[in-house]
Amino acid sequence: MEEQGSSSKSATPKRWRQHKGGLITMPFIFANEACEKLAVVGFQANMISYLTLQLHMPLTKAANTLTNFGGTASLTP
């Protein structure tokens, strides 16, 4: 038997349900973007070293190759 006043849905009233997202998530998004930029800078520094020292590519050509790679990577999803 069912008690009066109880419903089959959630016992938590709508006003007590947590709101997800919003401005509280902004620090996490900014931290994620900062870490991503740091990783990109590290990747580019390592690739310049690799292209110039291991593959004996001239510095100007290596820098141009990385610029083209970065531009293409920014355009693709």
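Residues numbered from 1 in each chain as written. Predicted model: local features only at pLDDT ≥ 70, side-chain atom pairs only at ≥ 80, totals over all residues. Heavy atoms only, no water.

Caption draft 1: Just the overall build of the chain, in detail. Secondary structure summary: the chain contains two helices and zero strands in total. For the chain, with 77 residues in total, the buried portion stands at 4%. By element, 63% of the accessible surface of the chain is carried by carbon and sulfur atoms, the whole surface being about 7400 Å². (Helix = DSSP H or I, 4+ residues; strand = E, 2+ residues; numbered from the N terminus. Buried < 20%, exposed > 50% of the residue type's maximum accessible area, 1.4 Å probe, protein only. Areas by Shrake-Rupley, 256 points an atom, 1.4 Å probe, with all protein chains shown as cover.)

Caption draft 2: A look at the layout of surface pockets. As a volume, the largest pocket reaches approximately 220 Å³. Lining of the largest pocket is provided by Glu36, Lys37, Val40, Phe43, Gln44, Leu66, Phe69, Gly70, Ala73 and Ser74. Residue assignment for the lining of the largest pocket shows that the elements contributing at least two residues are α1 (26-54) and α2 (59-75). Here the lining of the largest pocket is composed, by residue class, of five nonpolar, three polar and two charged. (1 Å grid on protein atoms, 1.4 Å probe; cavity = no way out; pocket = protein on both sides within 12 Å on 5 of 7 lines; lining within 4 Å. Points joined across faces, edges and corners; volume = space filled by probe spheres on them. Nonpolar A, V, L, I, M, F, W, Y, C, P; charged D, E, K, R; others polar.)

Caption draft 3: Layout of α1. Spanning 29 residues, α1 covers 41 Å between terminal C-alpha atoms, matching the ideal 42 Å at 1.5 Å per step. Count one or two residues on from α1 and you reach His56, which has phi positive near 55 degrees. (Expected span 1.5 Å × (residues − 1).)

Caption draft 4: Local environment of the packing of α1 against α2. Contact geometry of α1 with α2 gives a least axis separation of 9 Å together with a crossing angle of 140 degrees. In terms of axis orientation, α1 runs oblique to α2. As for the relative orientation of α1 and α2, their crossing is right-handed in sense. Across from Phe43, Gln44, Met47, Ile48, Leu51 and Thr52 in α1, the residues of α2 making contact are Leu59, Ala62, Ala63, Leu66 and Phe69. Of the residues that constitute the contact of α1 with α2, the class distribution is nine nonpolar, two polar and no charged. (Axes fitted to C-alpha atoms, helices over the stretch in contact; angles between N-to-C directions. Parallel < 35°, antiparallel > 145°, perpendicular 65-115°, else oblique. Left-handed = near helix turned anticlockwise from the far one by under 90°. Contact = heavy atoms within 4.5 Å.)

Caption draft 5: Fine view of unusual backbone geometry. Positive phi outside glycine occurs at His56, with the angle close to 55 degrees. Its place among the elements puts His56 in the loop between α1 and α2. Since its relative accessible area comes to 66%, His56 is described here as exposed.

Caption draft 6: Spotlight on the environment of Leu51. Tracing the chain through its elements places Leu51 in helix α1. Sequence separation between Leu51 and Thr65 is 14 residues; the distance between their C-alpha atoms is 9.3 Å.

Caption draft 7: Spotlight on the packing of aromatic side chains. Taken as a whole and assessed by the stated rule, the structure comprises one aromatic pair. Considering the side-chain rings of Phe43 and Phe69, the 5.9 Å spacing of their centres and the 45 degrees angle between planes classify their relative orientation as tilted. Residue Phe43 is located in helix α1, and its partner Phe69 is located in helix α2; the two are separated by 26 residues in the primary sequence. For Phe43, a relative accessible area of 38% puts it in the partly exposed group. (Phe/Tyr/Trp six-rings, centres within 6.5 Å; stacked < 30°, edge-to-face > 60°.)

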